[in-house]
Amino acid sequence: QVQLVESGGGLVQPGGSLRLSCAASGSIFSIYTMGWYRQAPGKQRELVAVISSGGRTNYAEPVKGRFTISRDNAKITVYLRMNSLKPEDTAVYYCNLAQGLQTYWGQGTQVTVSS
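What counts and how
Residues numbered from 1 in each chain as written. Predicted model: local features only at pLDDT ≥ 70, side-chain atom pairs only at ≥ 80, totals over all residues. Heavy atoms only, no water. Salt bridge = Lys/Arg side-chain N within 4 Å of Asp/Glu carboxyl O. Buried < 20%, exposed > 50% of the residue type's maximum accessible area, 1.4 Å probe, protein only. Helix = DSSP H or I, 4+ residues; strand = E, 2+ residues; numbered from the N terminus. Pairing = 2+ DSSP bridges. Axes fitted to C-alpha atoms, helices over the stretch in contact; angles between N-to-C directions. Core = buried A, V, L, I, M, F, W, Y, C linked by side-chain atoms within 4.5 Å. Contact = heavy atoms within 4.5 Å. Phe/Tyr/Trp six-rings, centres within 6.5 Å; stacked < 30°, edge-to-face > 60°. Lys NZ or Arg CZ within 6 Å of the ring centre and 35° of its normal.

**Q** So what's going on with the pattern of salt bridges? Residues and values would help.
**A** According to the stated counting rule, one finds four salt bridges in the structure shown. Among the ionic pairs, Arg-38 bridges to Glu-46, the shortest N-O distance being 2.8 Å. For Arg-38, a relative accessible area of 5% puts it in the buried group. One salt bridge in this structure joins Asp-89 and Arg-66, with 2.8 Å as the shortest N-O distance. One end of the pair, Asp-89, is in the loop between β8 (77-82) and β9 (91-99); the other, Arg-66, is in the loop between β6 (57-59) and β7 (67-72), with 23 residues separating them in the sequence. Arg-66 gets classed as buried once you look at its relative accessible area, which sits at 11%. Three or more residues are tied together by salt bridges with common partners; here these are Arg-38, Glu-46, Arg-66 and Asp-89.

**Q** Break down the sheet that holds strand β3 (residues 18-26) for me, citing the residues and quoting the values.
**A** Ordered by their spatial adjacency, four strands build an open sheet running β1-β3-β8-β7, and the pairing between neighbours is antiparallel. In the strand order of this sheet, the two ends are held by β1 (2-7) and β7, each with one partner. Direction aside, the axes of adjacent strands within the sheet are offset by 15° on average.

**Q** Describe the nonpolar core, with residues and values.
**A** Core analysis: the largest hydrophobic core is formed by 30 residues, its most contacted members being Leu-4, Met-34, Trp-36, Leu-80, Met-82 and Tyr-93. Counting only elements with at least two residues in this core, the list comes to β1, β3, β4 (33-39), β5 (46-51), β7, β8, β9 and β11 (109-113). Look past the residues within four positions of Tyr-93 in its chain and what remains in contact with it is Glu-6, Leu-20, Trp-36, Tyr-37, Arg-38, Val-48, Phe-67, Leu-80, Met-82, Gly-108, Thr-109 and Val-111.

**Q** Tell me about the side chain of Ser-21, and please be specific about residues and values.
**A** Here Ser-21 is to be found in strand β3. We classify Ser-21 as buried; its relative accessible area is 18%. If we skip the residues at most four places from it in the chain, Ser-21 touches Val-5, Glu-6, Ser-7, Trp-36, Val-78 and Tyr-79.

**Q** Mind laying out the packing of aromatic side chains, listing which residues take part and the relevant values?
**A** Counting across every chain of the model gives one aromatic pair. Arranged with centres 4.9 Å apart and planes meeting at 65°, the rings of Tyr-37 and Trp-105 form a pair that is edge-to-face. With a gap of 68 residues between them, Tyr-37 in strand β4 and Trp-105 in strand β10 (residues 102-105) connect regions that are remote in the sequence. For Tyr-37, a relative accessible area of 22% translates into the label partly exposed. Relative accessible area serves as the criterion here: at 38%, Trp-105 is assigned to the partly exposed category. The residue whose ring lies beneath Arg-45 is Tyr-94, and the NZ or CZ to ring-centre distance is 3.9 Å.

Quick look at the structure:
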């Protein structure tokens, strides 16, 4: 079993920044992919960013140029730095880890962008 613990969510004004963290623990092997997803009220969960074991990244179009995903393999932790936040970024953000045929999810952390 794998556990994911997220932190860093909160309330920020438009144009502000936040940094989300997700620390993983459990039966985790060398090759795994980690990512961030988000879900706004009344909408489907969508991919925000993903990073592979080798450091390759992919971003959803709405966050390109504003968000940066990174990982610390020693800590088995993934980060999401969010800059120039917009009200449209308001959502519950979920951490994800995938290895082999298994996928794991964090509990979610609320990000609210409002003045």
